[in-house]
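Letter by letter, the chains look like this.
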Amino acid sequence: MSEVMTIGEPMVNLIADSPETFMEARTLPRQMAGAEFNVAIGVQRQGHSVSYVTTLGNDWQGDLIVDYMNGIGFDTTGIRRMDGAATGYQLKVRSSDGEPKVIYFRAGSAASQTTPDIVDDLSFDGLKVLHVTGIFSALTDKTYETVERLIDTAKQHGALVTFDPNPRPTLWDSEQSMIEATNKLAAKADVFMPGLSEGRLFSGLEDPRAIADYYMDMGVSKVIIKLGAEGSVLFERDADGNRLETVVPSFVVEVVDTVGAGDGFAAGVITGLLEGLDDERLLERANAVGAIQVTSVSDSEGLPTTQELADFIASTPRQEVSL
Ligand SMILES: Nc1ncnc2c1ncn2[C@@H]1O[C@H](COP(=O)(O)OP(=O)(O)OP(=O)(O)O)[C@@H](O)[C@H]1O
Ligand SMILES: O=C(O)C(=O)C[C@H](O)[C@H](O)CO
């Protein structure tokens, strides 16, 4: 079976062909989106097998997504199809500041109607890493329960759990419920990887070291904090309980579109864990995939193969980073 499993809401992504406004755009080339989908692509490009779990509508978007995933070799046996609900999609328009505008069409989508019993049909044999995010968990109470059941089951089968909070405040009832629910999932994860501002929001603490302690006290083994263009830092504890930290700079690149940097980063962390990289190399790889991701307008098409990643790491200058 696959080394990595994830659950999410994959969407068709229509990207306006002209910068700045949907009004100017004459055509909207079709791609795929979805944070967990981007991570899955990044993992697969590094030569690791992926199982993708979700619910899709019986519509052309669902067919397109399943065909695409089958075509690139994902295990799609964990995908359910349903009548009466559509597969979500999104519109995206570029912006000169690198922060594109995205409009979602996903309310009541098939993915949002996933129920926890989807977990009972899955095979966990040989699974090494389960990757989950705060996006799929935010869709409904049922998707939240599904993520909880998936985490518990994957852990019972000896898999590591990586968790990217990916806050989407509009998908939650309130900021407080987002914070509480996200922290409850974080406590179940082995690896928690917020951006610094996300870590501050979820813990209520300012200092990266205090944020790391907050989550390690809950039982998280590795807290990896993303520092944007500067790079990232990994915290863990030694056998005596002392906090260890590894800070690694990212790479100097030209930013085209910042969306999906965190997803590329997560793919780097997951594949680094699978390959037993030490903390320094793990963050170097994660930073590299995140940096490559911001140079592409697509949410996933720019993600590197093993060779592209090695060439990038060998030839790209580093940023300055400090904590
Ligand atoms: N402009 C950049 N230059 C170099 N590396 C970058 C840049 N932006 C991001 N990265 C790399 O990607 C990682 C993740 O980016 P970021 O901190 O923006 O994540 P995020 O907040 O989860 O993003 P998002 O949720 O938008 O995907 C960073 O820690 C860094 O290693
Ligand atoms: O918000 C979502 O559900 C997405 O997954 C859409 C984007 O592809 C994602 O935000 C990239 O991180």
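Residues numbered from 1 in each chain as written. Chains lettered and ligands numbered in written order. Predicted model: local features only at pLDDT ≥ 70, side-chain atom pairs only at ≥ 80, totals over all residues. Heavy atoms only, no water.

**Q** Now, about the site of ligand 2: what can you tell me, with residues and values included?
**A** Taken together, 13 residues lie near ligand 2, and Ala35, Tyr104, Arg106, Arg168 and Asp263 sit nearest. Residue glycine 34 places a main-chain N or O atom 3.0 Å away from an oxygen atom belonging to ligand 2. Alanine 35 is positioned such that a nitrogen or oxygen atom in its backbone is 2.6 Å from an oxygen atom of ligand 2. When isolated, ligand 2 has an accessible area of 320 Å², and the protein chains bury 94% of it. (Near = heavy atom within 4 Å. Polar contact = N/O pair within 3.5 Å; in protein donor to acceptor, adjacent residues only side chain to side chain. Areas by Shrake-Rupley, 256 points an atom, 1.4 Å probe, with all protein chains shown as cover.)

**Q** How would you explain the pattern of salt bridges if you had to name every residue and give the values?
**A** Close approach of charged atoms allows side chains of opposite charge to pair. All told, the structure shown has 20 salt bridges when counted by the stated rule. A salt bridge links arginine 209 to glutamate 245; the shortest N-O distance between them is 2.7 Å. Of the two residues, arginine 209 sits in helix H7 (residues 208–218) while glutamate 245 sits in strand S13 (residues 243–249), which places them 36 residues apart along the sequence. Put simply, Asp213, Asp217, Arg237 and Arg243 are held in one network by salt bridges that share partners. (Salt bridge = Lys/Arg side-chain N within 4 Å of Asp/Glu carboxyl O. Helix = DSSP H or I, 4+ residues; strand = E, 2+ residues; numbered from the N terminus.)

**Q** Tell me about the sheet that holds strand S2 (residues 11–15), and name the residues and values.
**A** Reading across from one edge, S3-S2-S6-S7 is the order of the four strands in this open sheet, with mixed pairing throughout. Both edges of this open sheet fall to strand S3 (30–33) and strand S7 (101–105), since each of them pairs with a single strand only. Each strand axis lies, on average, 30° off the axis of its neighbour in the sheet, ignoring direction. As paired elements, S2 and strand S6 (residues 89–93) share four bridges and run parallel to each other. Looking at the pairing, leucine 14 lines up with leucine 91 of S6. (Pairing = 2+ DSSP bridges. Axes fitted to C-alpha atoms, helices over the stretch in contact; angles between N-to-C directions.)

**Q** Could you give an account of the site of ligand 1, with specific residues and numbers?
**A** Taken together, 20 residues sit near ligand 1, with Lys226, Gly231, Ser250, Gly262 and Asn287 positioned nearest. The separation between an oxygen atom of ligand 1 and a polar side-chain atom of lysine 226 is 2.9 Å. For ligand 1, an oxygen atom lies 2.8 Å from a polar atom in the backbone of glycine 262. Protein chains bury 82% of the 630 Å² of accessible surface belonging to ligand 1 in isolation. Every element with two or more residues in the shell around ligand 1 is listed here: helix H8 (261–274) and helix H9 (279–293). In terms of residue class, the shell around ligand 1 is built from nine nonpolar, nine polar and two charged. (Nonpolar A, V, L, I, M, F, W, Y, C, P; charged D, E, K, R; others polar.)

**Q** Summarise the environment of glycine 108; cite the residues concerned and give the values.
**A** Checked against the element boundaries, glycine 108 lands in the loop between S7 and strand S8 (129–133). Of the residues examined, glycine 108 reaches a relative accessible area of 47% and is grouped as partly exposed. Separated by 21 residues in sequence, glycine 108 and threonine 87 place their C-alpha atoms 9.2 Å apart. Leaving out residues up to four positions away in the same chain, glycine 108 has contacts with Ala85 and Gln113. (Buried < 20%, exposed > 50% of the residue type's maximum accessible area, 1.4 Å probe, protein only. Contact = heavy atoms within 4.5 Å.)

**Q** Go over the packing of aromatic side chains with me, naming the residues and quoting the values.
**A** Across all of its chains, the model carries seven aromatic pairs by this definition. Feature note: the residues Phe163, Phe192, Tyr214 and Tyr215 constitute an aromatic cluster, connected by ring pairs. For arginine 106, the ring lying beneath its charged end belongs to tyrosine 104, and the centroid distance is 4.7 Å. (Phe/Tyr/Trp six-rings, centres within 6.5 Å; stacked < 30°, edge-to-face > 60°. Lys NZ or Arg CZ within 6 Å of the ring centre and 35° of its normal.)

**Q** Please set out helix H1 (residues 35–45) residue by residue, giving values where relevant.
**A** Each α-helix winds once per 3.6 residues, and so residues spaced three or four apart point in a common direction. Within H1, nine of the 11 residues are buried, leaving the element largely enclosed by the surrounding structure. Burial in H1 covers these residues: Ala35, Glu36, Phe37, Asn38, Val39, Ala40, Ile41, Gly42 and Val43. Positive phi appears at glycine 47, one or two residues downstream of H1, with a value of about 90°.

**Q** So, the environment of isoleucine 292: which residues are in play, and what are the values?
**A** Among the secondary structure elements, isoleucine 292 is positioned in helix H9. Given the relative accessible area of 11%, isoleucine 292 is considered buried. Separated by 20 residues in sequence, isoleucine 292 and phenylalanine 312 have C-alpha atoms that sit 8.2 Å apart.

**Q** Just give me the short version of a negative patch on the surface, but keep the residues and values in it.
**A** Where like charges cluster on the molecular surface, the negative patch consists of Glu20, Glu24, Asp97 and Glu99. Judged by relative accessible area, glutamate 20 falls into the partly exposed class, the value being 31%. (Patch = residues over 30% accessible without salt bridge, like charges linked within 9 Å, V, L, I, M, F, W, Y side chains within 5 Å. Lys, Arg positive; Asp, Glu negative; His and termini not counted. Charge placed at Lys NZ, Arg CZ, Asp CG, Glu CD.)

**Q** Explain the packing of H1 against H8 to me, using residue names and the numbers behind them.
**A** At a closest axis distance of 8 Å, the pairing of H1 and H8 adopts a crossing angle of 45°. When the axes of H1 and H8 are compared, the pair comes out oblique. Once H1 is placed against H8, the crossing between them reads as right-handed. When H1 is examined against H8, the residues Ala35, Asn38, Val39, Gly42 and Val43 are found in contact with a partner set consisting of Asp263, Ala266, Ala267, Ile270 and Thr271. In the contact of H1 with H8, the residues fall into six nonpolar, three polar and one charged. (Parallel < 35°, antiparallel > 145°, perpendicular 65-115°, else oblique. Left-handed = near helix turned anticlockwise from the far one by under 90°.)

**Q** Could you give me a rundown of the side chain of histidine 48, with the residues and numbers involved?
**A** Structurally, the position occupied by histidine 48 is in the loop between H1 and strand S4 (50–57). Classification of histidine 48 by relative accessible area gives buried; the value is 10%. Engagement of the side chain of histidine 48 in a polar contact is seen with the side chain of glutamate 3, the distance being 3.1 Å. Here the side chain of histidine 48 touches glutamate 275 through a polar contact of 2.6 Å, side chain to side chain. In contact with histidine 48, not counting residues within four places along its chain, are Glu3, Val43, Thr271, Leu274 and Glu275.

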